Amino acid sequence: MRFRMPTLSLILVASLVACSNETSDQNAQAPQFRPVETPSVASIYKTVRLTANIDHLSSKQHKMLLELFAAARIMDQLFWRQSYGNADFLLPFIEDSNAKQYTVINYGPWDRLDNNRPFLSDTPPKPAGARFYPADMTEDEFNAWSEPGKAGLYSIVTRRDNGELLLTPYHQAYGPSLQRAAEHLRNASELAEDPMFSQYLSLRAHALLSDEYLTSDSLWLDMQDNAVDMVVGPIETYEDGLFGYRAAYESYVLIKDQAWSEKLKRFVAYLPQLQRDLPVPEQYKQDPVGQQAQLNAYDVVFYAGHANAGSKTIAINLPNDEGLQQRKGTRRLQLKNAMRAKFDHILMPIAEYLVDPSQRQHITFDAFFTNTMFHEVAHGLGIKNVISSDQSVSAALQETASSVEEGKADVLGLFMVTQLHDAGELGDTALEDYYVTFMASVFRSVRFGAASAHGVANMVRFNYFIDEGAFVRNANTGTYRVDMAAMKEAVNHLSRLLLVIQGDGDRLAAQRLIEERGQLGSPLAEDLARLKDANIPVDVIFEQGEKLLGLH
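Structural notes, computed from the coordinates.

Cut-offs used in this document
Residues numbered from 1 in each chain as written. Predicted model: local features only at pLDDT ≥ 70, side-chain atom pairs only at ≥ 80, totals over all residues. Heavy atoms only, no water. 1 Å grid on protein atoms, 1.4 Å probe; cavity = no way out; pocket = protein on both sides within 12 Å on 5 of 7 lines; lining within 4 Å. Points joined across faces, edges and corners; volume = space filled by probe spheres on them. Helix = DSSP H or I, 4+ residues; strand = E, 2+ residues; numbered from the N terminus. Nonpolar A, V, L, I, M, F, W, Y, C, P; charged D, E, K, R; others polar. Polar contact = N/O pair within 3.5 Å; in protein donor to acceptor, adjacent residues only side chain to side chain. Buried < 20%, exposed > 50% of the residue type's maximum accessible area, 1.4 Å probe, protein only. Contact = heavy atoms within 4.5 Å.

Computed from the structure, the second largest pocket encloses a volume of approximately 720 Å³. Lining the second largest pocket we find 28 residues, and of these Leu-113, Asp-114, Arg-447, Lys-532 and Val-538 sit closest to its centre. No other element matches the four residues that helix H21 (residues 524–533) contributes to the lining of the second largest pocket. Of the residues contributing to the lining of the second largest pocket, the split by class is 14 nonpolar, eight polar and six charged.

Dropping the structure here:
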């Protein structure tokens with residue numbers, strides 16, 4: 001690839017512009033280049049058109065969608081700044097079209113599906129704390145800093161002129177951009193035909209400008225009848241790989257699938273019993289689980305920011321505030337069209353290479369959908385605070401929290417599927433469908449790499465299930481099958497292990513588990529290489545927006 005080198009004077013000008021733009025860009029640095037091989041976008045990602053039927057929406061709601069898209073695009077810009085810095089100080093200097101597209105997909109010059117390996121020239125390793133902290137800040141310096149609220153979700157850490165650390169709330173650091181996003185949400189609020197959704201959008205606009213999200217999150221939990229939905233704001237903390245404290249901006253715009261949502265309602269009633277049946281002592285499942293949680297299916301029509309970076313989410317479980325979860329539950333949103341795209345273009349082709357032919361008939365979309373749904377349900381089960389104190393599990397586990405939580409949700413989701421199947425609540429579908437589809441999905445997710453909490457969680461599970469004899473490899477063919485009896489036992493044992501780590505707040509145990517089981521080794525690496533040789537994509541990217549929906 002070829003790069004157009006910026007002159008020194010241009011670098012200085014761009015740096016000054018970036019520093020004066022808004023607070024979070026004051027540490028922006030000019031990119032420096034040397035030849036590095038960038039993967040082909042087409043070989044890594046399958047391009048999918050995000051469409052949905054919006055014929056049932058009024059012209060007023062169509063106009064509302066345009067405002068929601070505009071707000072989502074600002075979340076996209078903000079996530080660029082949290083991940084890398086000012087995109088305008090990087091993208092114009094990349095002449096190679098494939099390299100530029102790969103940079104856009106990754107929101108910076110680090111490959112999210114290859115352990116954040118730099119793929120542009122002279123790019124230093126990605127800071128563990130992204131742009132939430134000064135690049136030269138150490139963990140010891142942060143831990144010794146006596147600043148109230150330093151572990152908050154909605155602030156960045158920079159340096160004063162004298163070198164001291166400075167805490168700045170998001171609504172100040174990103175003020176002008178958030179003002180524009182709030183205006184779009186207020187415009188959408190005036191166009192919304194569902195009164196509760198209208199109120200939510202208005203409250204969310206206020207939240208962007210105040211960093212006070214609890215009220216809008218609470219109202220969002222109450223919404224049930226709105227045909228259009230939106231997730232917007234700083235949500236997940238995966239991008240903060242240093243401490244796991246700070247939330248990254250993202251957005252989804254969603255069209256509710258009423259028919260599929262009706263099918264899912266009945267499962268909510270089982271949640272309290274599933275919590276009581278968890279395979280751990282009572283103190284690890286003492287948190288109450290209400291029946292007010294929602295399970296709904298959607299077609300997603302727009303991804304932005306963190307949600308759109310690297311591997312794409314196919315289901316959502318929100319809000320993340322533990323106190324609100326305990327009081328009101330959560331909403332689980334299944335993104336059906338994105339899920340179908342991954343099943344058709346990735347999971348099924350993987351199965352042709354890695355799943356034993358005798359079990360391939362057990363891989364079905366319904367099982368994939370159900371496993372994914374109960375993954376999200378599992379996020380709401382277990383325990384939110386360490387049993388020996390009021391400290392939250394996420395605060396106790398720090399940088400390991402996301403991987404442990406994703407691993408818990410994966411295996412606990414399958415535990416719940418097993419319980420419901422054995423109770424006759426999942427119809428005539430064979431349990432083997434869920435287990436074999438689950439195994440195929442593990443192969444899909446481990447390809448996300450160690451930079452992804454989901455990738456690490458799946459690698460831990462794969463190695464654990466191999467060691468327990470639940471996954472059995474045929475050395476002659478390089479294919480795998482599920483041993484049903486061993487799988488049931490392994491699901492129970494790993495569920496117990498992860499729930500206890502969370503309940504004890506045992507960060508050292510989490511680190512050991514990830515170090516011992518979270519690594520890609522042979523022969524799986526060779527087996528996955530066959531998928532690469534066969535040009536099976538790792539994940540999807542989207543064509544999305546107004547034109548695909550016929551909006552102008």
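Here the narrative resumes.
Right, let's get into the environment of Ser-43. With respect to the helices, strands and loops of the structure, Ser-43 is situated in helix H2 (residues 41–44). A sequence separation of 334 residues divides Ser-43 from Val-377, and the C-alpha atoms of the two residues are 33 Å apart. Separated by 2.8 Å, the side chain of Ser-43 and the backbone oxygen of Ser-40 make a polar contact.

Right, let's get into the side chain of Gln-398. Position of Gln-398 relative to the elements: it lies in the loop between helix H15 (393–397) and helix H16 (401–422). Exposure remark for Gln-398: the relative accessible area of 18% places this residue in the buried category. If we ignore the near neighbours within four places in the chain, the residues touching Gln-398 are Phe-243, Tyr-245 and Arg-507.

This structure, assessed with the given rule, holds two cavities of 30 Å³ or more. Each pocket or cavity is described by its volume, and for the largest cavity that value is around 130 Å³. Lining the largest cavity are 15 residues, with Pro-288, Val-289, Gln-325, Gly-329 and Gly-380 sitting closest to its centre. Secondary-structure elements contributing two or more residues to the lining of the largest cavity are helix H11 (271–276) and helix H12 (322–328). For the lining of the largest cavity, the per-class residue count stands at four nonpolar, eight polar and three charged. Of the pockets and cavities examined, the second largest cavity occupies roughly 50 Å³. Lining the second largest cavity are Ser-403, Val-404, Gly-407, Val-456, Ala-457, Val-460, Leu-498, Leu-513 and Ile-514.

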